[in-house]
Amino acid sequence: MIIDVHGHYTTAPAALGAWRDLQIAGLKDPSRAPKASELKISDDELRESIESNQLKLMKQRGSDLTIFSPRASFMAHHIGDFNTSATWAAICNELCYRVAQLFPDHFVPAAMLPQSPGADPASCIPELVKCVEEYGNVGINLNPDPSGGHWTSPPLTDRHWYPIYEKMVELDIPAMIHVSTSCNACFHTTGAHYLNADTTAFMQCLTSDLFKNFPTLKFLIPHGGGAVPYHWGRFRGLAQELKKPLLDEHLLNNIFFDTCVYHQPGIDLLTKVIPVKNILFASEMIGAVRGIDPETGHYYDDTKRYVEATANLSAEDRHAVYEGNARRVFPRLDAQLKAKGL
């Protein structure tokens, strides 16, 4: 089974974006603020948005199941206050749940949280619990920078975040560490902010003893880990200078990387440097990089091609990357699949 652990609802019907525009306008003019009940998106609209996009490409490229969360750049936690984010997160999470209900063999939901700059992370817990217990979500997206590129929150290793970690451990779910839109002109959202955040999150964990406090906490760092695999020697050396254990012991029981790396040399590097047990297949298809690579004639985000072509993985390794590791890192997904006899 080929499980894509990194999918976003980037093709949601236009009505969703139009409602969000009204919500943002309502922050300045409350008379324009829409009610959540005013957003009307039919099942047929959801089906069309998926069948002609993600599902079509999944069938063409040979993947079976996608862990599906709201569009990352749409999370935009820096907009408005907690109530703004709470309403928006509830709407987006419900849509992903509905997609999973319509296509139960191909999509399983993961939740965005109603984060907001300065808000207590504990305020996110009701939405998190609802999504796991009522919607069957198998994971969450956790934004380490709700300010949108200004990094006003404490590092992920600070006790500020512990309420979320405690609930994650209780529910046995991992978090994908994923920022949203950058409103800082210095950092392009997908080309800089995302990759910077991936690297930053890893380094924050390296300098701390977070996983001594939460030995079963699991983080998935997307986009191949940002700069981490490319600079593995630097991180090993820094850990040594900081008198930390070897990275395998210090971090790699808790931190995992996906394959959202959009060229063959990148996947070759990832699979050569990072242990197989820490790599999960993903594509983030119809996401940040949607075009066709003129050097290959294939879509950049058709990452299965790279995983198949690398000489660094055996057949057993590929099974782990495609399925085994995802089922281990996402225990609730494994339980759902076993309930279906898979």
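How each quantity is defined
Residues numbered from 1 in each chain as written. Predicted model: local features only at pLDDT ≥ 70, side-chain atom pairs only at ≥ 80, totals over all residues. Heavy atoms only, no water. Pairing = 2+ DSSP bridges. Helix = DSSP H or I, 4+ residues; strand = E, 2+ residues; numbered from the N terminus. Axes fitted to C-alpha atoms, helices over the stretch in contact; angles between N-to-C directions. Buried < 20%, exposed > 50% of the residue type's maximum accessible area, 1.4 Å probe, protein only.

A. View of the sheet that holds strand S7 (residues 219-221). Across the sheet, six strands lie side by side as S4-S5-S6-S7-S8-S9; this open sheet has parallel pairing. Whereas interior strands pair on both sides, the edge strands pair on one side only; in this sheet they are strand S4 (111-112) and strand S9 (279-280). Strand direction decides the pairing type here: strand S6 (residues 175-177) and S7, joined by two bridges, are parallel. Its bridge partner being in S7, Ala175 is matched across the sheet by Phe219.

B. Representation of the sheet that holds strand S2 (residues 65-70) in the model. Taking strand neighbours across the sheet as the criterion, the three strands line up as S1-S2-S3 in an open arrangement whose pairing is parallel. Of all the strands in the sheet, the pair left with one neighbour each is strand S1 (3-9) and strand S3 (107-109). Each neighbouring strand pair of the sheet contributes to a mean axis angle of 35 degrees, computed without reference to strand direction. Summarising the sheet, S2 and S3 pair through three bridges and their orientation is parallel. Bridging from a neighbouring strand, Ile67 pairs with Val108 of S3.

C. Molecular detail of unusual backbone geometry. Within the chain, His223 stands out as a residue other than glycine whose phi angle is a positive 55 degrees. Its location among the elements puts His223 in the loop between S7 and helix H10 (232-241). Positive phi is not limited to glycine here, since Lys243 has a value of about 60 degrees. Turning to its location among the elements, Lys243 is positioned in the loop between H10 and helix H11 (247-250). Judged by its relative accessible area of 73%, Lys243 is exposed.

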